[in-house]
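This is what each chain is made of:
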Amino acid sequence: DQQVKQNSPSLSVQEGRISILNCDYTNSMFDYFLWYKKYPAEGPTFLISISSIKDKNEDGRFTVFLNKSAKHLSLHIVPSQPGDSAVYFCAASPPDSGYALNFGKGTSLLVTP
Amino acid sequence: EPEVTQTPSHQVTQMGQEVILRCVPISNHLYFYWYRQILGQKVEFLVSFYNNEISEKSEIFDDQFSVERPDGSNFTLKIRSTKLEDSAMYFCASSSPGLAEPQFFGPGTRLTVL
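An account of the accompanying structure is given in this report. All of these numbers come straight from a predicted model, not from anything done at the bench.

Turning next to the pattern of salt bridges. Residue and element names in this part refer to chain A. Summed over the entire model, instances satisfying the criterion amount to three salt bridges over all chains. Aspartate 84 serves as the salt-bridge partner of arginine 61, at 2.8 Å between the closest nitrogen and oxygen. Of this pair, arginine 61 sits in the loop between β6 (56–59) and β7 (62–67) while aspartate 84 sits in the loop between β8 (72–77) and β9 (86–93), and the two are 23 residues apart along the sequence.

This is the structure we're talking about:
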């Protein structure tokens, strides 16, 4: 049962342009959403998060948008850099600590020079 | 910057053997987690741990698995009798208590069961 879905397995973007990664979820209990970046043979690195009381959170080049009614979130990276090339995972959970993160399958982003 | 560490980075074992994977969470974190990622699949939750008790566990975390915080710094995952299908990357994570606190992950242990 996939409660968090990332329907695009891969995305290719030119350096300097915007990268938009999408994520959908089904469980209404999810109130806290996170994006992680992962390189091969490394652990997921926390990028940015958003709780359901907000619809946007920004940190430098990274912005996460949340549309609760559509159960959809997206990660925008502007401008994209070659070092951003990695697998990006969307994750969701209830808001309190101690709960499982439910991960999507990931989107592999390639930023070309 | 504080980080979660894990040892060993790679563990090879024979089917039926016991393995212990070790983690040192970030020092002021109170919640600890184990996840795994089978090759080509998504990251899956195994267990969360707080105040010396399991907070939540998934269906994967059956009687073959156990967790322990043997001292003030280490957090371990034991698999009693490994199976071929236990081969995966195992990630430890930790978080602060409270609302909307992200989990920070270690680099992982690659477990290969032969």
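Having seen the model, we can carry on.
The interface is formed by 24 residues belonging to chain B together with 21 residues belonging to chain A. Interface area lost by chain B to chain A is led by Lys42, Val43 and Phe105 of chain B, which between them contribute 29%. The tally of links between chain B and chain A comes to six residue pairs in polar contact (both at pLDDT 80 or more).

Residues and elements named next belong to chain A. Across the sheet, five strands lie side by side as β1-β3-β8-β7-β6; this open sheet has antiparallel pairing. Whereas interior strands pair on both sides, the edge strands pair on one side only; in this sheet they are β1 (4–5) and β6. As judged from the two bridges shared by β1 and strand β3 (residues 19–25), these two strands associate in the antiparallel manner. Bridge assignment links lysine 5 to a residue of β3, and that residue is aspartate 24.

This paragraph deals with the nonpolar core. Counting 23 residues, the largest nonpolar core has Phe33, Trp35, Leu73, Leu75 and Tyr88 of chain A as the members making the most contacts within it. Breaking this core down by element, the ones donating at least two residues are β3, β4 (32–38), β5 (45–51), β7, β8, β9 and β11 (107–112) of chain A. Broken down by element, this core gets its largest block of residues, four residues, from β9 of chain A. Once residues within four sequence positions are removed from consideration, phenylalanine 33 of chain A is found in contact with Tyr25, Ile48, Ser49, Ile50, Leu66, Leu73, Ala91 and Ala92 of chain A. Within the second largest apolar cluster, 22 residues are counted, among which are Val4, Val19, Ile38 and Ile79 of chain B.

Bringing the side chain of serine 94 of chain B into the picture now. All names here are of chain B. If you trace the backbone, serine 94 turns up in strand β9 (residues 88–95). Owing to a relative accessible area of 0%, serine 94 belongs among the buried residues under this scheme. Among the polar contacts listed, one links the side chain of serine 94 to the backbone nitrogen of isoleucine 26, at a separation of 3.4 Å. Beyond its immediate stretch of four places on either side in the chain, serine 94 contacts Val4, Pro25, Ile26, His29, Tyr31, Phe32, Tyr33, Pro102, Gln103 and Phe104.

We now examine the state of the cysteines. All names here are of chain A. Applying the stated criterion to the full structure yields two disulfides over all chains. Each sulfur of the disulfide joining cysteine 23 and cysteine 90 lies 2.0 Å from the other. Torsion about the S-S bond of the cysteine 23 and cysteine 90 cystine: about -70°, corresponding to left-handed handedness. A residue pair is termed long-range when its members are at least 10 positions apart, and cysteine 23 in strand β3 and cysteine 90 in strand β9 qualify at 67 residues.

Time to look at unusual backbone geometry. Along the chain, valine 78 of chain A connects to proline 79 of chain A via a cis peptide bond; the corresponding omega equals -10°. If you trace the backbone, proline 79 of chain A turns up in the loop between β8 and β9. Of note, the phi angle at asparagine 51 of chain B is positive, near 55°, even though the residue is not glycine. Of note, asparagine 51 of chain B is situated in the loop between β5 (44–50) and β6 (53–57). You will see that asparagine 52 of chain B, though not glycine, has its phi angle at about 65°, which is positive. With respect to the helices and strands, asparagine 52 of chain B occurs in the loop between β5 and β6.

Rules behind the numbers
- Residues numbered from 1 in each chain as written.
- Chains lettered and ligands numbered in written order.
- Predicted model: local features only at pLDDT ≥ 70, side-chain atom pairs only at ≥ 80, totals over all residues.
- Heavy atoms only, no water.
- Salt bridge = Lys/Arg side-chain N within 4 Å of Asp/Glu carboxyl O.
- Helix = DSSP H or I, 4+ residues; strand = E, 2+ residues; numbered from the N terminus.
- Contact = heavy atoms within 4.5 Å.
- Buried area = accessible area lost by both parts, 1.4 Å probe.
- Polar contact = N/O pair within 3.5 Å; in protein donor to acceptor, adjacent residues only side chain to side chain.
- Pairing = 2+ DSSP bridges.
- Core = buried A, V, L, I, M, F, W, Y, C linked by side-chain atoms within 4.5 Å.
- Buried < 20%, exposed > 50% of the residue type's maximum accessible area, 1.4 Å probe, protein only.
- Disulfide = S-S within 2.5 Å.

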